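# Survey of secondary and tertiary structure
Spelled out, the chains give:
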Amino acid sequence: MPSSKQGWEDNLQKAMSPDYVLIGARSFGAVHLSVWIRQELNRLVSDVQIDHVSVGIGNMLNNKGGIGVAFLLGSTSCLFITSHLAAGHHNTVARNDDFHRINTKLFANTPIGTTFDKPVTTLFDRAFWMGDLNYRIEGDKAAIENLIKSNKLDFLRPHDQLTMAKKRGKAFVGFKEGKLTFPPTYKFDAGTSNYDTSVKARIPAWTDRVLWRPSHHIEQLEYNCCKDNTYSDHRPVYAAFTVQYFIGPHTERDERVRVRKPWAPCGCQCNIL
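Residues numbered from 1 in each chain as written. Predicted model: local features only at pLDDT ≥ 70, side-chain atom pairs only at ≥ 80, totals over all residues. Heavy atoms only, no water.

This part is about the nonpolar core. Within the largest apolar cluster, 42 residues are counted, with the highest numbers of intra-cluster contacts made by F71, L73, F80, F128, V210, F241 and I272. Formed by 24 residues, the second largest nonpolar core is a distinct cluster that contains I81, W129, L133 and L162. (Core = buried A, V, L, I, M, F, W, Y, C linked by side-chain atoms within 4.5 Å. Buried < 20%, exposed > 50% of the residue type's maximum accessible area, 1.4 Å probe, protein only.)

Structure, rendered in structure tokens:
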């Protein structure tokens, strides 16, 4: 029997066709990350590195943590991180701490981390962060559900814990996120479109997010959720981007592994599921 990681990757391959090849993947507890690229771009990929960081109990257990896949596409450095941060409505500080631990410890024992004493996401030309970040919405459950039913999401966004953490400089500072135009993706009664009716009565939240480090070489095309996928207590979130990359040698570097010379950019589409 294939592992859950292998089964997931096999199903992704079937969905994407042989036009895509896997360049890096890791499974850490319940967290999975796989990065795929079109066949015609694979020849430009080099220096693939993979690492993970635990933020579970005592920073040892693998029930929470982050995974990173880093590589060069041509001469453009790319980083994809997925993470599962601390749960619980009132654990915002713990989530912020988890973010900082992952951002400073990921690849710390590799040439990437030992060369520059900087948060890992600042060392790359293109950096994306996604996953079950577990940030919640502050407010009354009934009032929030009524606003969702009325599609008055503008009233909810300012009370989103991640939005507030960014604004206050507590976590994900410098990251960009598309507008939350879709309803909160957690927590549903599995198999239904009803928000949590259990004894715990969890407040709906945008726990599942996709963010990136701003660059004029990145443009978001889509940010949404799969409302009809009711097999889980979460709704899957996806995003699509156009991303420019550079081909050619470069001799000038600073604390980011970036192209400094005006080589003509090429473009590709990046889909995050």
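Here the focus is the pattern of salt bridges. Between side chains of opposite charge, a pair can form when the charged atoms approach closely. This structure, assessed with the given rule, holds 7 salt bridges. Across the salt bridge formed by D196 and R202, the nearest N and O atoms sit 3.4 Å from each other. For D196, a relative accessible area of 2% puts it in the buried group. Residue classification places R202 among the partly exposed residues on the basis of a relative accessible area of 22%. Through salt bridges with shared partners, one network takes in D160, E177 and R209. (Salt bridge = Lys/Arg side-chain N within 4 Å of Asp/Glu carboxyl O.)

A complete count under the given rule lists 13 aromatic pairs for this structure. With centroids separated by 5.0 Å and ring planes inclined at 45 degrees, the aromatic side chains of F99 and W129 adopt a geometry described as tilted. In this pair, F99 is assigned in helix α2 (residues 92-105) and W129 in strand β6 (residues 126-132), connecting sequence segments 30 residues apart. Its relative accessible area of 3% is what places F99 among the buried residues. Overall, the relative accessible area of 0% leaves W129 in the buried class. (Phe/Tyr/Trp six-rings, centres within 6.5 Å; stacked < 30°, edge-to-face > 60°. Helix = DSSP H or I, 4+ residues; strand = E, 2+ residues; numbered from the N terminus.)

What follows covers the sheet that holds strand β5 (residues 76-84). One open sheet holds the 6 strands; their spatial order is β3-β4-β5-β6-β8-β7, and the pairing between them is mixed. Pairing within the sheet leaves two strands with one partner each, and these edge strands are β3 (45-54) and β7 (176-177). In terms of strand pairing, strand β4 (residues 65-73) meets β5 through 9 bridges, oriented antiparallel. The partner of G66 across the bridge, within β5, is S83. Seen against the sheet, α2 touches β3, β4, β5 and β6 and runs at an angle of roughly 140 degrees to β3. (Pairing = 2+ DSSP bridges. Contact = heavy atoms within 4.5 Å. Axes fitted to C-alpha atoms, helices over the stretch in contact; angles between N-to-C directions.)

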